[in-house]
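Letter by letter, the chains look like this.
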Amino acid sequence: KPIPGIPYNLEATKTILGDIPALTRHLSSTKEVFPWMCFQNIKLKSPIIQLFIKPLSKPWVIITDYKEAQDILTRRTKEFDRSPYFSDIFHGVMPNHHITMSSTDERFPANRKLIQGMMSPQFVNDILAPQVYSATEMLIEFWKVKSELAQGRPFDLRDDIIETLLDTISVSTFGLSRSHGAISAQLAFLRGAPSLSETDPTTITPVEFPRTQRPPLIDAFITLTQSMVLPSMRRSKALKEAMISQQLTWALRRFSGKGAEQTSTCVLDDIVRREIKLAEKEKRVPDCQSRTIFDELYGFVTGGVDTTGSTLMWAIKYLSENQDAQSRLRMSLRDSFSTASEKARKPTVREITKARIPYLEAFLEETFRMAVTIPSHVRTATEDVVVLGHVIPKGTDVFLSINGPGFTSPGFDIDEKKRSESCASLRDGSEQWELKDMNLFRPERWLVTDQNGNESVNHSAAPQMLFSLGPRSCFGKRLGQLNMRVLLVLLVWHFEFLPLPGELISDDGIEKFTRQPRLTFVRLADAS
Ligand code: HEM
């Protein structure tokens, strides 16, 4: 039954399937659900609409407006909470992770307490950043070999990016040795492989490099993140569980009793030390094998790999399609890391984490605005609520789109009197946003120049909330941003991302767990 007053597609109310037939028709030509949802707002000419996607359930409400999203996510947190939509996705693989819990769930505070220190600037910069850096170094070695073999022909980067991030997580979250790495295995294999049969540099057909089998654990991670419910996941799950259990057992030994180690080198170490301390305080035996610990640890794989990987794939696409922006970014890096440039070495991890380079920040902000790796932030109404003058019943899922009007195109005109009091009082700088080219990738929109010609970044210069906002926004934002920064700096430092032929360029995405570009090819040249 439609919610009174909120626009909807008339034909959807004539069948029990609601909007599903229209959505299915759309899916036969593209594989993307979220742009279709947002297009319904445009079609129905309203920043708030309802769609009937789940038969015999409440309609979904779709809102596309920066200010309303900001208000709901940051100020109306009692009226809106984590939606069961999320727990449905993650329950199979990590039912005890806090992402599946509402904020009022009694387990939620303890889960968050367990991992709260992992996103401190000190932990991220000192413990996690060096691991990201060395995994990126390995990727660079790999791509140097690939680009030499490819001789200017394109190749697909999708697997390389995901495997690099899984290599990082294996070391930085679980403390595994680098020798388990997928990229080092692929590199060794490629170095030993017979030379490619066709290396004619005048052809533009992508090179398909021979690949070896992934290390079993990395393969298990990929199986578990790509298909979350199949019985074939059982073997992968068992492998992952055995690895976590073993790493926890070893860490407990290292951090207990006389001569206990004092420093953590990964997330798992820190969790174990925290549990030992808590158990001492509560005069009990530490329980390092709890399901909470297993699932919170595994959340670094589920939450961090696909999200960061997809965002990086978009960033690389923007580099190759925006050659001027790419050159300007590389020049800014060469200027800012002048010692590294002079000494013909790459910037160190410390130099990268400390640097504040306006064009790099602007490039990242623009990537986060345009990439829409996660196109909608979902909340459920915990009571009957009023949004833009409409009563939305308790239990309704509300999708806050960030991939359409108000974000990548000018927003709808909204009667300010219809907004909630808290929303109307928000000051977000939106009156100064440039609306004319919101659909274009233009990092310069984030830069301001003072009267002395000094450039800085205005982080409120345009609408961007990729990591969401408020108490249930992305827990790993600092790590996600660090990953992006280290990877982008080192890749642009070493490689030129050359333009691609038209047939290998597309703005379409594919919605896996997150939204990735449909085509992920690169043509590389040495930038040194
Ligand atoms: C570019 C990379 C990333 C993007 C774009 C991203 C985006 C997001 C988004 C949109 C949400 C949902 C927020 C909401 O519903 O309001 C989220 C939640 C979350 N993310 Fe990330 N994320 C990234 C990286 C990471 C990393 C590296 C981790 C590793 C720990 C992580 C862990 C989480 C967790 C645990 C949650 C659930 C938070 C909660 O339920 O309170 N994310 N992320």
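Just so you know, these numbers come straight off a predicted model, no measurement behind them.

**Remarks on the overall build of the chain**
Consideration 1: Each helix and strand counted, the chain has 18 helices and 15 strands in total.
Consideration 2: A compact globule built from 528 residues should have a C-alpha radius of gyration of about 24 Å, and the chain, at 24 Å, falls within 12% of that.
Consideration 3: On the principal axes, the C-alpha backbone points of the chain span a range of 65 × 65 × 55 Å.
Consideration 4: Counting across all 528 residues of the chain, residues that qualify as buried make up 54%.
Consideration 5: When the accessible surface of the chain is summed, it comes to about 24,000 Å², and 54% of that surface belongs to carbon and sulfur atoms.
Consideration 6: For the chain, the distance from the average position of its 66 positive side-chain charges to the average position of its 63 negative side-chain charges is 4 Å.

**What to know about the coordination of the iron atom of the ligand**
Consideration 1: Protein coordination of the iron atom of the ligand is limited to a single donor, Cys 474 (SG), positioned at 2.3 Å.
Consideration 2: Relative to the elements of secondary structure, Cys 474 occurs in the loop between strand S10 (455-457) and helix H18 (477-494).

**Things to note about the confidence of the model for the chain**
Consideration 1: Looking at the chain as a whole, its pLDDT mean stands at 93, while 97% of the residues score no less than 70.
Consideration 2: Scoring the predicted complex yields pTM 0.95 and, for the interface, ipTM 0.99.

**Notes on the pattern of salt bridges**
Here the idea is simple: oppositely charged side chains can pair when their charged atoms come close.
Consideration 1: Summed over all chains, the structure comprises 38 salt bridges.
Consideration 2: Measuring nitrogen to oxygen at the nearest pair gives 2.6 Å for the salt bridge that ties Arg 214 to Glu 163. Placement of the pair is Arg 214 in the loop between helix H8 (182-192) and helix H9 (216-226) and Glu 163 in helix H7 (residues 158-172), with a sequence separation of 51 residues.
Consideration 3: The partner of Glu 275 in a salt bridge is Arg 284, and the shortest N-O contact between them spans 2.8 Å.
Consideration 4: Salt bridges linked by common partners bring Glu 366, Arg 369, Glu 434, Lys 436, Asp 437, Arg 442 and Arg 445 together as one network.

**Remarks on the site of the ligand**
Consideration 1: The ligand sits among 24 residues. The nearest are Arg 82, Arg 379, Ser 468, Arg 472 and Cys 474.
Consideration 2: In this structure, an oxygen atom belonging to the ligand sits 2.7 Å away from a side-chain N or O atom of Arg 82.
Consideration 3: Between the ligand and Ser 468 there is a distance of 2.6 Å, counted from an oxygen atom to a side-chain nitrogen or oxygen.
Consideration 4: Ranked by residues supplied to the shell around the ligand, first place goes to helix H12 (residues 291-321) with 6 residues.

**Quick look at the packing of H7 against H12**
Consideration 1: Viewed as axis vectors pointing N to C, H7 and H12 meet at an angle of 140°, and their least axial separation amounts to 9 Å. Classified by the interaxial angle, the pair formed by H7 and H12 is oblique. Taken as a pair, H7 and H12 cross one another with a handedness that is right-handed. Facing Arg 158, Ile 161, Ile 162, Leu 165, Leu 166 and Ile 169 of H7, the residues of H12 in contact are Phe 300, Val 301, Val 305, Asp 306, Thr 308, Gly 309, Leu 312, Met 313 and Ile 316.
Consideration 2: Of the residues that constitute the contact of H7 with H12, the class distribution is 11 nonpolar, 2 polar and 2 charged.

**Comments concerning the packing of aromatic side chains**
Consideration 1: Overall, the coordinates contain 19 aromatic pairs when judged by the stated rule.
Consideration 2: Their ring planes at 90° and their centres at 5.0 Å tell us that Tyr 66 and Trp 433 sit as a pair that is edge-to-face. One end of the pair, Tyr 66, is in helix H3 (residues 66-74); the other, Trp 433, is in the loop between helix H17 (421-424) and strand S9 (447-449), and 367 residues separate them in sequence.
Consideration 3: Residue Trp 433 is classed as buried on the basis of its relative accessible area of 12%.
Consideration 4: Relative to Phe 399, the ring of Tyr 85 lies with its centre 5.3 Å away and its plane at 80°, an arrangement referred to as edge-to-face. Here Tyr 85, found in helix H4 (residues 84-90), pairs with Phe 399, found in strand S8 (residues 397-401); they are 314 residues apart in sequence, far enough to count as distant.
Consideration 5: Judged by its relative accessible area of 23%, Tyr 85 falls in the partly exposed class.
Consideration 6: Residue class for Phe 399 comes out buried when judged on its relative accessible area of 0%.

Conventions we followed
Residues numbered from 1 in each chain as written. Predicted model: local features only at pLDDT ≥ 70, side-chain atom pairs only at ≥ 80, totals over all residues. Heavy atoms only, no water. Helix = DSSP H or I, 4+ residues; strand = E, 2+ residues; numbered from the N terminus. Rg over C-alpha atoms; globule rule 2.2 N^0.38 Å. Buried < 20%, exposed > 50% of the residue type's maximum accessible area, 1.4 Å probe, protein only. Areas by Shrake-Rupley, 256 points an atom, 1.4 Å probe, with all protein chains shown as cover. Lys, Arg positive; Asp, Glu negative; His and termini not counted. Charge placed at Lys NZ, Arg CZ, Asp CG, Glu CD. Donors = N, O, S within 2.8 Å, 3.2 Å for Na, K, Ca; no water. pLDDT = per-residue confidence, 0-100. Salt bridge = Lys/Arg side-chain N within 4 Å of Asp/Glu carboxyl O. Near = heavy atom within 4 Å. Polar contact = N/O pair within 3.5 Å; in protein donor to acceptor, adjacent residues only side chain to side chain. Axes fitted to C-alpha atoms, helices over the stretch in contact; angles between N-to-C directions. Parallel < 35°, antiparallel > 145°, perpendicular 65-115°, else oblique. Left-handed = near helix turned anticlockwise from the far one by under 90°. Contact = heavy atoms within 4.5 Å. Nonpolar A, V, L, I, M, F, W, Y, C, P; charged D, E, K, R; others polar. Phe/Tyr/Trp six-rings, centres within 6.5 Å; stacked < 30°, edge-to-face > 60°.

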